[in-house]
Amino acid sequence: TKDSQTIAGLANDLSPDIMPVAGNDLNAALLLAKKMLLQGGQTQGHIIVLTADSADNAAISTAKVLAEEGITTSVLGMATQLGAPLLSDNNSGKVMMSRLDSKSLEALADAGRGQFQMFTGDDSDINTLLNGFNLSSQHKNVALCKNNDKNCSDTLSFWHNQGYWLVWLCIPLVLLLFRRGSVWLDIR
(Lines give C-alpha, C1' and ligand atoms only; values in the text may rest on other atoms or scores of the structure.)
Protein backbone atom coordinates (compact mmCIF):
# COMPACT_ATOMS: atom_id res chain seq x y z
CA THR A 1 0.00 0.00 0.00
CA LYS A 2 1.07 3.57 -0.48
CA ASP A 3 -1.03 4.64 2.52
CA SER A 4 1.74 4.88 5.10
CA GLN A 5 -0.55 6.63 7.59
CA THR A 6 -2.75 3.53 7.88
CA ILE A 7 0.25 1.25 8.34
CA ALA A 8 1.70 3.56 11.00
CA GLY A 9 -1.63 3.59 12.85
CA LEU A 10 -1.91 -0.20 12.80
CA ALA A 11 1.74 -0.90 13.66
CA ASN A 12 1.30 0.20 17.28
CA ASP A 13 -1.20 -2.63 17.86
CA LEU A 14 1.02 -5.37 16.43
CA SER A 15 2.15 -7.85 19.02
CA PRO A 16 2.76 -11.61 19.13
CA ASP A 17 -0.02 -11.76 21.74
CA ILE A 18 -2.71 -11.17 19.08
CA MET A 19 -2.14 -14.64 17.61
CA PRO A 20 -4.52 -17.26 19.03
CA VAL A 21 -1.99 -20.12 18.89
CA ALA A 22 1.76 -20.40 18.52
CA GLY A 23 3.45 -21.56 15.35
CA ASN A 24 3.18 -20.66 11.72
CA ASP A 25 1.56 -21.92 8.56
CA LEU A 26 3.24 -20.14 5.68
CA ASN A 27 1.31 -22.14 3.10
CA ALA A 28 -2.04 -20.98 4.55
CA ALA A 29 -0.73 -17.40 4.78
CA LEU A 30 0.18 -17.38 1.08
CA LEU A 31 -3.25 -18.73 0.13
CA LEU A 32 -4.91 -16.09 2.33
CA ALA A 33 -2.83 -13.36 0.68
CA LYS A 34 -3.95 -14.61 -2.74
CA LYS A 35 -7.57 -14.61 -1.58
CA MET A 36 -7.26 -11.02 -0.34
CA LEU A 37 -5.69 -9.89 -3.61
CA LEU A 38 -8.53 -11.48 -5.57
CA GLN A 39 -11.12 -9.91 -3.25
CA GLY A 40 -9.49 -6.56 -3.97
CA GLY A 41 -10.01 -7.10 -7.68
CA GLN A 42 -6.32 -7.72 -8.41
CA THR A 43 -5.18 -10.49 -10.73
CA GLN A 44 -1.50 -9.77 -10.15
CA GLY A 45 0.35 -8.77 -7.01
CA HIS A 46 3.45 -8.98 -4.89
CA ILE A 47 3.54 -10.72 -1.51
CA ILE A 48 6.37 -9.92 0.89
CA VAL A 49 6.83 -12.58 3.58
CA LEU A 50 8.47 -11.39 6.80
CA THR A 51 9.69 -14.41 8.73
CA ALA A 52 12.23 -15.63 11.24
CA ASP A 53 11.68 -19.29 10.42
CA SER A 54 11.88 -21.60 7.42
CA ALA A 55 9.71 -22.49 4.45
CA ASP A 56 8.36 -26.01 4.02
CA ASN A 57 7.75 -27.79 0.71
CA ALA A 58 4.04 -26.96 0.74
CA ALA A 59 4.76 -23.22 0.95
CA ILE A 60 7.38 -23.45 -1.81
CA SER A 61 4.90 -25.29 -4.04
CA THR A 62 2.21 -22.70 -3.34
CA ALA A 63 4.61 -19.84 -4.14
CA LYS A 64 5.41 -21.52 -7.47
CA VAL A 65 1.70 -21.84 -8.33
CA LEU A 66 1.08 -18.21 -7.33
CA ALA A 67 3.99 -17.06 -9.51
CA GLU A 68 2.47 -18.85 -12.49
CA GLU A 69 -0.77 -16.96 -11.77
CA GLY A 70 1.05 -13.59 -11.68
CA ILE A 71 1.51 -13.19 -7.92
CA THR A 72 5.16 -12.76 -6.95
CA THR A 73 6.45 -13.85 -3.53
CA SER A 74 9.50 -12.18 -1.97
CA VAL A 75 10.98 -12.92 1.45
CA LEU A 76 12.50 -10.69 4.12
CA GLY A 77 14.46 -12.82 6.61
CA MET A 78 14.00 -11.33 10.08
CA ALA A 79 16.55 -13.37 12.09
CA THR A 80 20.15 -14.51 11.93
CA GLN A 81 21.55 -17.89 11.02
CA LEU A 82 23.21 -18.03 14.44
CA GLY A 83 19.81 -17.72 16.10
CA ALA A 84 18.51 -16.01 19.17
CA PRO A 85 17.03 -17.38 22.38
CA LEU A 86 13.24 -17.22 22.78
CA LEU A 87 11.00 -18.29 25.63
CA SER A 88 8.76 -21.20 24.73
CA ASP A 89 5.13 -20.51 23.94
CA ASN A 90 3.66 -22.78 26.63
CA ASN A 91 4.94 -20.73 29.59
CA SER A 92 7.17 -23.58 30.76
CA GLY A 93 10.16 -21.27 30.91
CA LYS A 94 12.05 -23.40 28.41
CA VAL A 95 14.34 -21.45 26.10
CA MET A 96 14.15 -22.21 22.38
CA MET A 97 16.53 -21.06 19.65
CA SER A 98 15.10 -19.22 16.65
CA ARG A 99 17.30 -19.74 13.61
CA LEU A 100 16.77 -18.44 10.11
CA ASP A 101 16.85 -21.12 7.43
CA SER A 102 18.00 -18.90 4.58
CA LYS A 103 18.29 -21.80 2.08
CA SER A 104 14.60 -22.70 2.32
CA LEU A 105 13.59 -19.03 2.23
CA GLU A 106 15.74 -18.45 -0.86
CA ALA A 107 14.03 -21.45 -2.43
CA LEU A 108 10.64 -19.89 -1.54
CA ALA A 109 11.60 -16.58 -3.16
CA ASP A 110 12.98 -18.35 -6.24
CA ALA A 111 9.81 -20.43 -6.61
CA GLY A 112 7.73 -17.28 -6.23
CA ARG A 113 9.85 -15.38 -8.81
CA GLY A 114 10.68 -12.86 -6.11
CA GLN A 115 13.72 -11.82 -4.11
CA PHE A 116 15.21 -12.95 -0.81
CA GLN A 117 16.61 -10.21 1.38
CA MET A 118 18.09 -10.32 4.87
CA PHE A 119 16.85 -7.81 7.44
CA THR A 120 19.06 -4.76 7.91
CA GLY A 121 18.87 -1.99 10.46
CA ASP A 122 17.99 0.61 7.84
CA ASP A 123 15.58 0.89 4.91
CA SER A 124 17.87 -0.76 2.36
CA ASP A 125 16.25 -4.20 2.72
CA ILE A 126 12.72 -2.95 2.07
CA ASN A 127 13.88 -0.56 -0.65
CA THR A 128 15.61 -3.42 -2.45
CA LEU A 129 12.46 -5.55 -2.37
CA LEU A 130 10.22 -2.68 -3.44
CA ASN A 131 12.55 -1.53 -6.23
CA GLY A 132 12.61 -5.05 -7.63
CA PHE A 133 8.83 -5.09 -7.59
CA ASN A 134 8.52 -1.68 -9.25
CA LEU A 135 10.87 -2.65 -12.07
CA SER A 136 9.06 -5.89 -12.79
CA SER A 137 5.64 -4.24 -12.72
CA GLN A 138 6.85 -1.48 -15.07
CA HIS A 139 8.04 -4.10 -17.53
CA LYS A 140 4.68 -5.85 -17.30
CA ASN A 141 2.90 -2.57 -18.00
CA VAL A 142 5.07 -1.93 -21.03
CA ALA A 143 4.52 -5.45 -22.32
CA LEU A 144 0.77 -5.52 -21.69
CA CYS A 145 -0.16 -1.90 -22.36
CA LYS A 146 1.57 -0.79 -25.54
CA ASN A 147 0.48 2.32 -27.43
CA ASN A 148 -1.88 3.54 -24.67
CA ASP A 149 -4.36 0.74 -25.34
CA LYS A 150 -7.67 1.83 -23.80
CA ASN A 151 -8.69 -1.79 -23.32
CA CYS A 152 -5.65 -2.54 -21.19
CA SER A 153 -6.69 -3.74 -17.74
CA ASP A 154 -3.23 -3.43 -16.15
CA THR A 155 -3.46 0.32 -15.53
CA LEU A 156 -5.09 2.35 -12.82
CA SER A 157 -7.38 5.29 -13.40
CA PHE A 158 -7.91 8.05 -10.88
CA TRP A 159 -10.93 10.30 -10.58
CA HIS A 160 -10.09 13.89 -11.35
CA ASN A 161 -12.22 15.92 -9.00
CA GLN A 162 -14.00 18.85 -10.67
CA GLY A 163 -16.52 19.47 -7.87
CA TYR A 164 -15.19 22.93 -7.05
CA TRP A 165 -16.98 24.26 -10.15
CA LEU A 166 -20.29 23.77 -8.30
CA VAL A 167 -19.30 26.64 -5.99
CA TRP A 168 -20.12 29.09 -8.80
CA LEU A 169 -23.67 27.76 -8.90
CA CYS A 170 -24.09 28.19 -5.16
CA ILE A 171 -22.85 31.81 -4.97
CA PRO A 172 -26.10 33.44 -6.22
CA LEU A 173 -28.12 31.44 -3.70
CA VAL A 174 -25.84 32.43 -0.85
CA LEU A 175 -25.98 36.12 -1.92
CA LEU A 176 -29.79 36.04 -1.69
CA LEU A 177 -29.44 35.08 1.97
CA PHE A 178 -27.54 38.31 2.73
CA ARG A 179 -30.18 40.76 1.47
CA ARG A 180 -32.12 43.00 3.84
CA GLY A 181 -35.19 41.30 5.25
CA SER A 182 -33.81 37.82 4.81
CA VAL A 183 -35.18 35.25 7.21
CA TRP A 184 -31.73 33.72 7.67
CA LEU A 185 -29.95 36.87 8.85
CA ASP A 186 -32.89 38.56 10.57
CA ILE A 187 -31.61 42.07 9.53
CA ARG A 188 -34.25 44.79 9.57
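Caption draft 1: Just the overall build of the chain, in detail. In terms of regular secondary structure, the chain is built from 6 helices and 5 strands. Listing the helices and strands of the chain from first to last along the sequence gives α-α-β-α-β-β-β-α-β-α-α. When the 188 residues of the chain are sorted by exposure, 22% land in the buried category. In the structure as shown, the chain presents an accessible area of about 14500 Å², 59% of it carried by carbon and sulfur atoms.

Caption draft 2: Representation of the packing of helix α3 (residues 57-68) against helix α4 (residues 102-111). Closest axis-to-axis distance for the α3/α4 pair is 7 Å, and the angle between their directions is 20°. Accordingly, the angle class assigned to the pair α3 and α4 is roughly parallel. Here α3 and α4 pass one another in a crossing that is right-handed. Facing α3, whose interface residues are A59, I60, A63, K64 and A67, α4 presents S104, A107, L108 and A111. Of the residues assigned to the contact of α3 with α4, the class counts are 7 nonpolar, 1 polar and 1 charged.

Caption draft 3: The side chain of T51, seen in detail. Within the element layout of this structure, T51 appears in strand β1 (residues 45-51). Of note is the side chain of T51, whose polar atom sits 3.1 Å from the backbone nitrogen of D53. With near-sequence residues (within four places) excluded, T51 lies in contact with V75, L76, G77, M78, A79, L100 and L105.

Caption draft 4: Molecular detail of the packing of helix α2 (residues 26-39) against α3. Between α2 and α3, the shortest axis-to-axis distance is 8 Å and the interhelical angle comes to 20°. Relative to α3, the element α2 lies roughly parallel. Both α2 and α3 take part in a crossing whose hand is left-handed. For the pair formed by α2 and α3, the contact residues are L26, N27, L30, L31 and K34 on the first element and A58, A59, T62, A63 and L66 on the second.

Caption draft 5: Fine view of the nonpolar core. Among the nonpolar cores identified, the biggest contains 19 residues, and L26, L30, I47, V75 and L108 are the most heavily contacted of them. At the level of elements, α2, β1, α3, β2 (71-77) and α4 are the ones that each hand at least two residues to this core. If we skip the residues at most four places from it in the chain, L108 touches L26, L30, A55, A59, I60, A63, T73 and V75.

Caption draft 6: Structural context of α4. Among the residues of α4, those classed as buried are S102, S104, L105, L108, A109 and A111. Backbone geometry just after α4 places R113 at a positive phi near 55°.

Caption draft 7: Spotlight on the pattern of salt bridges. Throughout the structure, instances matching the rule amount to 1 salt bridge. Here E69 ties to K34 by a salt bridge, and the two come within 3.0 Å at their closest N and O atoms. Note that E69 is positioned in the loop between α3 and β2 and K34 in helix α2, a separation of 35 residues in sequence.

Caption draft 8: How the structure looks around the confidence of the model for the chain. Summary statistics for the chain give a mean pLDDT of 76 and a share of 69% for residues scoring 70 or more. For the chain, helix α5 (residues 124-144) is the element with the lowest average pLDDT, namely 59, and α3 is the one with the highest, namely 94. pLDDT under 50 marks residues 135-147. Its contacts with residues more than four places away, or in other chains, come to 12 contacts.

Caption draft 9: Expanded view of the pairing of β1. By the alternation rule, side chains of β1 split into G45, I47, V49 and T51, which are all buried, and H46, I48 and L50, of which none is buried. Bridging between β1 and β2 involves 7 bridges; their strand directions are parallel. In the sheet register, L50 faces β2, and the bridge partner there is L76. Once you follow β1 into α3 and on to β2, the crossover reads as right-handed.

The rules we used
Position labels on residues start from 1 in each chain and follow its written sequence. This being a predicted model, a pLDDT of at least 70 is required before a residue's local features are given, and a value of 80 or more before pairs of side-chain atoms are given or counted; all residues contribute to the totals for chains, interfaces and linings. Side-chain descriptors were evaluated using all non-hydrogen atoms of the structure, hydrogens and water having been removed beforehand. For the purposes of this entry, the term helix denotes a DSSP run of H or I that reaches at least four residues, the term strand denotes a run of E that reaches at least two, and both are numbered from the N terminus. Exposure classes here rest on a 1.4 Å probe applied to the protein chains alone. A residue is buried below 20% of its type maximum, exposed above 50%, and partly exposed in between. Methods summary: accessible areas were calculated by the Shrake-Rupley approach with a probe of 1.4 Å, and residue burial reflects only the protein chains presented. As a rule, the C-alpha atoms of each element are fitted with a line to give its axis, helices using only the stretch in contact, and angles between N-to-C directions run from 0 to 180 degrees. Orientation categories follow fixed angle ranges, with anything under 35 degrees roughly parallel, anything over 145 roughly antiparallel, 65 to 115 roughly perpendicular, and all other angles oblique. Each crossing gets its hand from how the near helix is turned against the far one by less than a right angle, where anticlockwise is left-handed and clockwise is right-handed. When checking whether two residues touch, look at their non-hydrogen atoms; a contact exists if any pair is within 4.5 Å. All residues other than Ala, Val, Leu, Ile, Met, Phe, Trp, Tyr, Cys, Pro, Asp, Glu, Lys and Arg, Gly among them, are scored as polar; the first ten of these are nonpolar and the last four charged. Polar contacts, as used here, are pairs of N or O atoms within 3.5 Å; protein pairs need one atom able to donate a hydrogen and one able to accept it. Residues neighboring in sequence count only if both atoms are side-chain atoms. We define the nonpolar core as a collection of buried residues of types Ala, Val, Leu, Ile, Met, Phe, Trp, Tyr and Cys that are connected through side-chain atoms lying within 4.5 Å of one another. Think of a salt bridge as a Lys or Arg side-chain nitrogen and an Asp or Glu carboxyl oxygen that are within 4 Å of each other. Scored between 0 and 100, pLDDT is the confidence that the predictor attaches to each residue. Strands were regarded as paired on the criterion that DSSP finds at least two bridges between them. A clockwise course of the path from the first strand over the helix to the second, judged with the strands pointing away from the viewer, identifies a crossover as right-handed.

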